[in-house]
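Remarks on the overall topology
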Amino acid sequence: MTTLVWFTDDLRVHDNQALYLASQRSEPLVCLYCVDEDWFKPNQYGLKRIGDQRWQFLNETLHALNVSLKKYGQRLCILLGSPVAVIGNIIEKYNITSIYCNSQAGYYENRNWQTLKDKYVSVSFNRVESSTLFAGHQLTHIDEFPKTFSKFRHHVDSIDFTIDPLINISHRIELILPPAISIDNSELPTVIDNNPNTSFVGGEKVALEHLTAYFLSAAPSTYFDTRNELEGWLLSTKLSPWLANGCLSPRKIVSSLLEYEENHGENKSTRWIYFELLWREYFHWYAYHYGKDMFAFRGIVNKKLLTSFYPQRFKQWCHGKTPYPIVNACMNQLNSTGYLSNRGRQIVSSCLVNELQIDWRCGAAFFEQQLVDYDVASNWGNWQYVAGVGCDPRGGRHFNLDKQTQSYDPEGTFIKKWGGEDNAGKLDYIDAADWPI
Ligand code: FAD
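So, the site of the ligand
- Around the ligand, the structure places 27 residues, and the nearest of them are Tyr223, Ser236, Thr237, Lys238 and Asn342.
- Thr237 places a side-chain nitrogen or oxygen 2.6 Å from an oxygen atom of the ligand.
- A distance of 2.8 Å is found between an oxygen atom of the ligand and a side-chain nitrogen or oxygen belonging to Tyr339.
- Out of a free accessible area of 810 Å², the ligand has 96% covered by protein chains.
- Within the residue set of the shell around the ligand, elements represented by two or more residues are helix H9 (240-244), helix H11 (268-290), helix H14 (342-355) and helix H16 (376-387).
- Sorting elements by how many residues they give to the shell around the ligand places H11 first, with five residues.

In structure tokens, the structure reads:
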């Protein structure tokens, strides 16, 4: 008999409830991560699900997790293949009797879990909710899923996430893991050379160091005024890549935030960090609730948009060659570093949907490939919001690019640094005034 911990987006040892629950069993333990080959093949948008920057961050994170597990006499087994096939094979070959896994928001991830559960009825399948602030049972008072963020916020205002007993235990009890068993054909992927352009390094150790450094600085007290800047390490928290991969849990971040407020006082800025984490929380439950509709052209509101697919425009947008320098600079930054500020994401997504009139899902798929902090719920949820097919009560956003440039890059420093004017091109359409030629 063997226990399996299936790591997904909870790539840490500290504060990991799935691992903690598995540690309570006496059988040998397999710690597994699946690398799906489909991530690296072109999807329906002709893009990979994981591009180079994202893969590097994930790769570093997996290596770091293996180092953490070694301290407990364990190791991380990494297998290549579709999760259903890989996990099914492991269940049969190693007589797995219990599986522990973190609950995920994505439709396809949930479908895999259900398929395995239906197929292996004698195995005990256990999921915990450690990617969110709240556990599902704390939200049962919400009858109908709130269609807007403000309604959701109103519902969760009074919930104290620290009272969930499992959260408290996994935080405090010292972890002792059962012995590892060795798995055939599992190996850590080769370490990729560091990308000199990125400030993000994967893994829970670096994540915890960054969390400590951020809350040791005075930045949280000015977050509200600085968060919209296009660039600057401490001007927003920069926690997203570690959160997305589960090197940190949102509960750990909020614990640090509350400690900061206790020592330095609470103000609009510190509360706004919590507010932003609630947005993440909302999108997580939203993705869980709406399932496949996260990826539907008409979104969750079934609205038909007047967009089309212009391959040339899409290419220009991806490579920072649109007629709009601010958009190009943002896209160049994204392609070079794997990160873009929230303001930058709003600017380029609005441009894709409004100026370029391209199907919003192409933009979301490109972000999925490029962002080191890609997370299915936050990405597709925000794209739906901007495109007007999601949870925006105003029905979509159109940012005025000139105004955005004046407000956030008045001296043109950002555009210059990221070469926003270098390759600015024209759009492919023919103006009505030039017709017929
Ligand atoms: P901070 O400003 O410091 O915020 C703190 C945390 O709050 C973030 O780490 C994040 O977890 C959460 N947060 C902040 N804003 C949002 C938001 N609008 N929606 C959800 N959570 C939020 N965020 C991702 O983590 N992954 C994505 O794939 C992603 N795709 C996006 C796509 C578009 C089109 C847009 C407009 C936004 C997207 N965001 C995404 C949200 C946001 O841009 C990033 O979370 C933020 O820029 C990350 O930087 P930070 O950690 O410094 O954020």
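Moving on from the model shown.
Quick look at helix H2 (residues 52-70)
- Given a rise of 1.5 Å per residue, 19 residues ought to cover 27 Å, and the 27 Å separating the end C-alpha atoms of H2 matches this to within 8%.
- Of all 19 residues in H2, 14 are buried, a share of seventy percent or more.

Digging into the packing of helix H10 (residues 250-264) against H11
- Where H10 contacts H11, the axes come no closer than 10 Å and their chain directions differ by 165 degrees. In terms of axis orientation, H10 runs roughly antiparallel to H11. Crossing of H10 against H11: the hand is left-handed. Two secondary-structure elements touch here, H10 through Pro250, Ile253, Val254, Leu257, Leu258, Tyr260 and Glu261 and H11 through Thr270, Arg271, Ile273, Tyr274, Leu277 and Arg280.
- Its residues assigned to classes, the contact of H10 with H11 shows nine nonpolar, one polar and three charged.

Looking at the packing of helix H7 (residues 204-216) against H10
- Two elements in contact, H7 and H10, have axes separated by 10 Å at closest approach and are oriented at 25 degrees. When the axes of H7 and H10 are compared, the pair comes out roughly parallel. Read as a crossing pair, H7 and H10 show a hand that is right-handed. On H10, the residues that touch Leu208, Leu211 and Phe215 of H7 are Lys252, Ile253, Ser256, Leu257 and Tyr260.
- Within the contact of H7 with H10, the residues separate by chemical class into six nonpolar, one polar and one charged.

Considering the packing of aromatic side chains
- This structure, assessed with the given rule, holds 37 aromatic pairs.
- Ring centres of Phe200 and Tyr339 lie 5.2 Å apart, and the angle between their planes is 45 degrees; this geometry places the pair in the tilted category. Highlighted residues: Phe200 in the loop between helix H6 (165-172) and H7 and Tyr339 in the loop between helix H13 (325-337) and H14, separated in sequence by 139 residues. Considered together, Phe200 and Tyr339 belong to a single accessibility category, that of buried residues.
- On the basis of an interplanar angle of 35 degrees and a centroid distance of 4.3 Å, the ring pair of Trp272 and Phe275 is categorised as tilted. Residue Trp272 and its partner Phe275 are both found in helix H11; the two are separated by three residues, about one turn of the helix.

Cut-off values and rules
Numbering of residues starts from 1 in every chain and runs along the sequence as written. At least 70 in pLDDT is required for a residue's local features to be given in this predicted model, at least 80 for side-chain atom pairs to be given and counted, and no such filter applies to totals for whole chains, interfaces and linings, which use all residues. The basis for the side-chain values is all heavy atoms of the structure; hydrogens and waters are excluded. For this description, a residue counts as near a given molecule or strand if any of its non-hydrogen atoms is within 4 Å of it. By the criterion applied in these results, polar contacts are pairs of N or O atoms within 3.5 Å in which, for protein atoms, one can donate a hydrogen and the other can accept it, and in which residues neighboring in sequence qualify only through two side-chain atoms. Shrake-Rupley sampling with a 1.4 Å probe provides the accessible areas, and residues are treated as covered by the protein chains on show and by no other component. Numbering of helices and strands runs from the N terminus, with a helix taken as a DSSP run of H or I at least four residues long and a strand as a DSSP run of E at least two residues long. Expected helix span is taken as 1.5 Å per residue step, with the number of steps being one fewer than the number of residues. We call a residue buried when its accessible area falls under 20% of the maximum for its residue type, exposed when it is over 50%, and partly exposed in between, using a 1.4 Å probe and counting protein chains only. Lines are fitted to the C-alpha atoms to define the axes, a helix being fitted only along its stretch in contact, and any angle between axes, read from their N-to-C directions, falls within 0 to 180 degrees. To sort the angles, those under 35 degrees are grouped as roughly parallel, those over 145 as roughly antiparallel, those from 65 to 115 as roughly perpendicular, and the leftovers as oblique. Two helices crossing with the near one rotated counterclockwise from the far one by less than a right angle form a left-handed crossing, whereas a clockwise rotation gives a right-handed crossing. Residues count as neighbours in contact if any of their non-hydrogen atoms are within 4.5 Å of one another. Under the scheme applied, nonpolar residues are Ala, Val, Leu, Ile, Met, Phe, Trp, Tyr, Cys and Pro; charged residues are Asp, Glu, Lys and Arg; polar residues are all the others, including Gly. Aromatic contacts are taken between Phe, Tyr and Trp rings whose centres are within 6.5 Å, Trp giving its six-membered ring; a plane angle under 30 degrees counts as stacked, one over 60 as edge-to-face, and the others as tilted.

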